[in-house]
Amino acid sequence: MTPVRSALLAAALATVCASAPLTAQDSPPFPLEGLVITASPTPRPARSVATHVTVLDGEDLRAGGATRVVDALRGVPGLSVVQNGSFGASTSVFLRGGESDYVLVLIDGVQVNQPGGAFDFSGLTLENVERIEVVRGGASALYGSDAVSGVINIITRTGRGGARGTVSLRTGSYGRRAWAADLSGGADRAAYSLSLARDATDGILARNNRFENMVLSGSVRLAPDERTRASVTLRVADREYHFPTDGSGNLVDDNAFTYADETTVGIQASRRLSDRVTVEGFLAHAETDGGTDDAPDGPADTLGFYGFTSLDHVRRSSADVRANVALRDAVLSVGGELEEQSQRSFTESLSQFGPSAGRSEYQRSNRAGYAHLTGESSGVGYNAGLRLEDNERYGTSWSWQMGASVRVARDLRLRASASRAIKEPGFFETFATGFARGNPDLDPERSLQWEAGADATVAGLLTLRATWFDQAFDDLIQYTGSPPTPGAPNYFNVARAAARGLELQAEVARAGWRARGGWTWLDTEVVDPGLDDGPGAEFVAGEELLRRPRHTLSADLTRVVTDRASVSAGVRRVGERADRDFSTFPADRIAMSAYTVVHAGAEFDLAALGSVVIRGDNLLDADYEEVLGFRAPGRSFSVGVRVALGGR
């Protein structure tokens, strides 16, 4: 563990220890019930948000036996999860047909995407997660780059009541072994939570496929007086994934692995200066050390390219200050943000032709100013926002969003919104040298999108939601192996694509039963393939975008049997989608078959002995792939016990 991590851990532990004796209160501190905090500068009632938002409750997810964030996201309408094989393999999310780097990922408000938008979900677990908010649609007007198709905000648990600790153990298929310990508590002036968890598995392949993941997370939230709020959140994670496969899924290696050490810190403070004006400040820091290690398999491994090592250190740090001014029926938020991004990389290759090494160091800064108006009056919730980015590399860019939610009857609301969003180029696309040459003149990729929907409640039991969306993606950055002129860059803003679709949701709750279902119809199309077209091209005119299923269906049923027992089950159907076969040259487009997976779980409270959680995944043992050539996990089971101490 680095000195920086050690200092952060010590500070978090000291804060929690100092806060532990707090007196419990009957009402939870810092409540979020019924509010959405990700879709606007200030928390808003869910009814007044114009975009389609899904809120997932952490306790409900854990009660059903889910342990990973991607397990929770798979059932969200409009969202597709693509895992590159076994547990711990690179995992991406596609939202409403956008690219995988079009989804901004926040951990307690801290942006954790790589510069350029990429993010690997494989290491995100549900321990110490209070809730997950999924906001669809462009949100660059509030968050800047990467929030093109939507935002996923993972919010750490807020402690409640007297000091309470839990210890849990879990074991299961594929050599699964996991443990977790947490401590939390809260009163009217302070709340805290701290969790340490480790999860390991031998993987689904016969050799070199284990995955280990350890996560420390915590938060401290303070309210020293009626006018002041402050919070500190921390997440430190170390993971290692071993893989024997090449780019086509063939078993070729006995000792290759990837690793990542991640640190995320957020510090937030607000002060109400008057009855109308509140000032907020937010400091965010996300840092990753990761890479690949593929040493020679043995003394006889001396032919071809037989060894490779890489190391990347990526950092994003930002400071955001805003003022929220309360008007008659609205809040005007005006603010500014400064951000620094940097990356240092090292690679070394071993081959029969001799060793070779490369080093690179990139950095860029960004300044932004924004203004947002949000309000609700006479059954109409509305928002409008504008943001100007000034990046030292690609210049200035404007983003905007607007929307309204209108109550047309007691149990019926209509929603509509539109937005313009951007995604900045990645460092490699801008600065690469060697086999590929970056283009320092790249512009951000851009999207223009709108959605319209309706929310209805029937007899106070059944909730229905329908949303139609339409998106146009312009200035897509494309790689070409044949630059227009000798010595020209390999990356250009030349391609265009579009996505449209329908999201349907239904939920009913009655007498201990709760049923939820969702269906998504998605239509994507390459409008302009750019410089490359034909066999093997990523973009083919008139064809659908890769790895986006046209149809996705999910349904979940939960039954609370008694105060001490609940059972749940779910099914997910993913339709056909296109992929590329990288075992051929050029890489042919392949139609991936549809598949259906079923899961079930149960939780039993054994009173003083704790609780037992049972989970079964892919119960029908479906044989399927989310990425061509990389088999997904088959049928698996796990059982866990959890013991709680203290609290109420």
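Quantities reported herein were computed from a predicted structural model and do not represent experimental measurements. As a convention, each chain's residues are numbered from 1 in the sequence order in which they are written. Where totals are concerned, whole chains, interfaces and linings use all residues; where local detail is concerned, this predicted model gives features only for residues with pLDDT of at least 70, and gives and counts side-chain atom pairs only at 80 or more. Calculation of side-chain values draws on the structure's entire complement of heavy atoms; hydrogens and water are dropped beforehand.

(A) The overall build of the protein, seen in detail. Put simply, DSSP marks the helices as runs of H or I at least four residues long and the strands as runs of E at least two long, and each gets a number from the N terminus on. Of the regular secondary structure elements, the protein holds 5 helices and 35 strands. By the compact-globule yardstick of 26 Å for 648 residues, the protein fits well, its C-alpha radius of gyration being 24 Å. Along the first, second and third principal axes, the C-alpha set of the protein runs to 70 × 55 × 50 Å. In the protein, the share of contacts with a sequence separation of at least 24, taken over all contacts with a separation of at least 6, comes to 63%. Element-wise, carbon and sulfur atoms account for 57% of the exposed surface of the protein, whose accessible area totals about 28,200 Å². Counted charges follow a simple rule, with Lys and Arg positive, Asp and Glu negative, and His plus the chain ends left uncounted. We put the charge of a Lys on NZ, of an Arg on CZ, of an Asp on CG and of a Glu on CD. A distance of 7 Å separates the average location of the 66 positive side-chain charges in the protein from that of its 82 negative side-chain charges. Within these notes, the globule rule equals 2.2 Å times the number of residues to the 0.38 power, and the radius of gyration is based on C-alpha atoms. Throughout, a contact is declared for two residues whenever any of their heavy atoms are within 4.5 Å. Throughout, the Shrake-Rupley method with a 1.4 Å probe supplies accessible areas, and for residues the shown protein chains are the sole cover considered.

(B) How the structure looks around the packing of aromatic side chains. Side-chain rings of Phe, Tyr and Trp (the six-membered ring for Trp) are treated as a pair once their centres are within 6.5 Å; stacked means planes under 30 degrees apart, edge-to-face means over 60, and tilted covers the remaining angles. One pass over the full model with this rule turns up 14 aromatic pairs. Here the aromatic rings of W468 and W521 are separated by 6.0 Å at their centres, their planes lie at 25 degrees, and the arrangement is stacked. Pair noted here: W468 is in strand β24 (residues 462-479) and W521 is in strand β26 (residues 513-528), with a separation of 53 residues, a long-range link. Three labels apply to residues, based on accessible area from a 1.4 Å probe with only protein chains included: buried if under 20% of the type maximum, exposed if over 50%, partly exposed otherwise in between. Accessibility expressed as a relative area gives 28% for W468, which makes it partly exposed. When the ring of Y595 is compared with that of Y624, the centres are 4.1 Å apart and the planes differ by 15 degrees; the resulting orientation is stacked.

(C) Highlighting empty space enclosed by the protein. Only protein atoms enter the calculation, which uses a 1 Å grid: trapped sets of points that fit a 1.4 Å probe without letting it out are cavities, open sets showing protein on both sides within 12 Å along at least five of seven lines are pockets, and any residue with an atom within 4 Å of a point is a lining residue. Grid points are joined across faces, edges and corners, and a volume is the space filled by probe spheres set on the points. All told, the structure shown has 7 cavities of 30 Å³ or more when counted by the stated rule. In terms of lining, the largest cavity is formed by 28 residues, of which the most central are T51, R136, G138, Q401 and S417. Residue polarity is assigned by list, with Asp, Glu, Lys and Arg as charged and Ala, Val, Leu, Ile, Met, Phe, Trp, Tyr, Cys and Pro as nonpolar; anything else, Gly included, falls into the polar class. For the lining of the largest cavity, the per-class residue count stands at 12 nonpolar, 11 polar and 5 charged. Each pocket or cavity is described by its volume, and for the second largest cavity that value is around 150 Å³. Lining the second largest cavity are 17 residues, and of these T125, E127, V129, S217 and R235 lie nearest its centre.

(D) Looking closely at the environment of R136. Relative to the helices and strands, R136 is located in strand β8 (residues 129-136). A residue is classified by how much of its surface remains accessible, and R136, at 0% relative accessible area, is buried. Once residues within four sequence positions are removed from consideration, R136 is found in contact with T51, H52, V53, T54, V76, P77, L95, R96, S149, G150, E451 and E503. A polar atom in the side chain of R136 sits 2.9 Å from the side chain of T54. Nitrogen and oxygen atoms within 3.5 Å of one another constitute a polar contact, given that in protein one can donate a hydrogen and the other can accept it, and given that sequence-neighbouring residues count only through two side-chain atoms. A distance of 2.8 Å separates a polar side-chain atom of R136 from the backbone oxygen of P77.

(E) Quick look at the pattern of salt bridges. Throughout this description, the term salt bridge denotes a Lys or Arg side-chain nitrogen within 4 Å of a carboxyl oxygen of Asp or Glu. By the definition in use, this model includes 44 salt bridges. Taking the shortest distance from any N to any O, the salt bridge between R160 and E130 comes out at 2.8 Å. Placement of the pair is R160 in the loop between β9 (150-156) and β10 (164-172) and E130 in strand β8, with a sequence separation of 30 residues. On the basis of relative accessible area, R160 is assigned to the partly exposed category, the value being 38%. Taking the relative accessible area as the measure of exposure, E130 reaches 16% and is therefore buried. A single network of salt bridges, built from pairs that share partners, joins R96, R136, R415, E451, D455, R465 and E503.

(F) Representation of the confidence of the model for the protein in the model. Across the protein, pLDDT averages 91, with 95% of residues at or above 70. The pLDDT value expresses, per residue, how confident the predictor is, ranging between 0 and 100. Scored below 50 in pLDDT, residues 1-29 makes 43 contacts in the model with residues more than four places away or belonging to other chains.

(G) Representation of the pairing of strand β19 (residues 356-377). Two strands are counted as paired when DSSP detects at least two bridges linking them. When strand β18 (residues 330-351) meets β19, the two strands line up antiparallel, connected through 20 bridges. Bridging across to β19, G336 finds its partner in G369. Where β18 folds back onto β19 in an antiparallel hairpin, the turn is made up of 4 residues, including G354, whose phi is positive at roughly 110 degrees. As defined by bridge partners, β19 adjoins strand β20 (residues 380-391) across 12 bridges and the pair is classed as antiparallel. If you follow E376 over to β20, its bridge partner there is G381.

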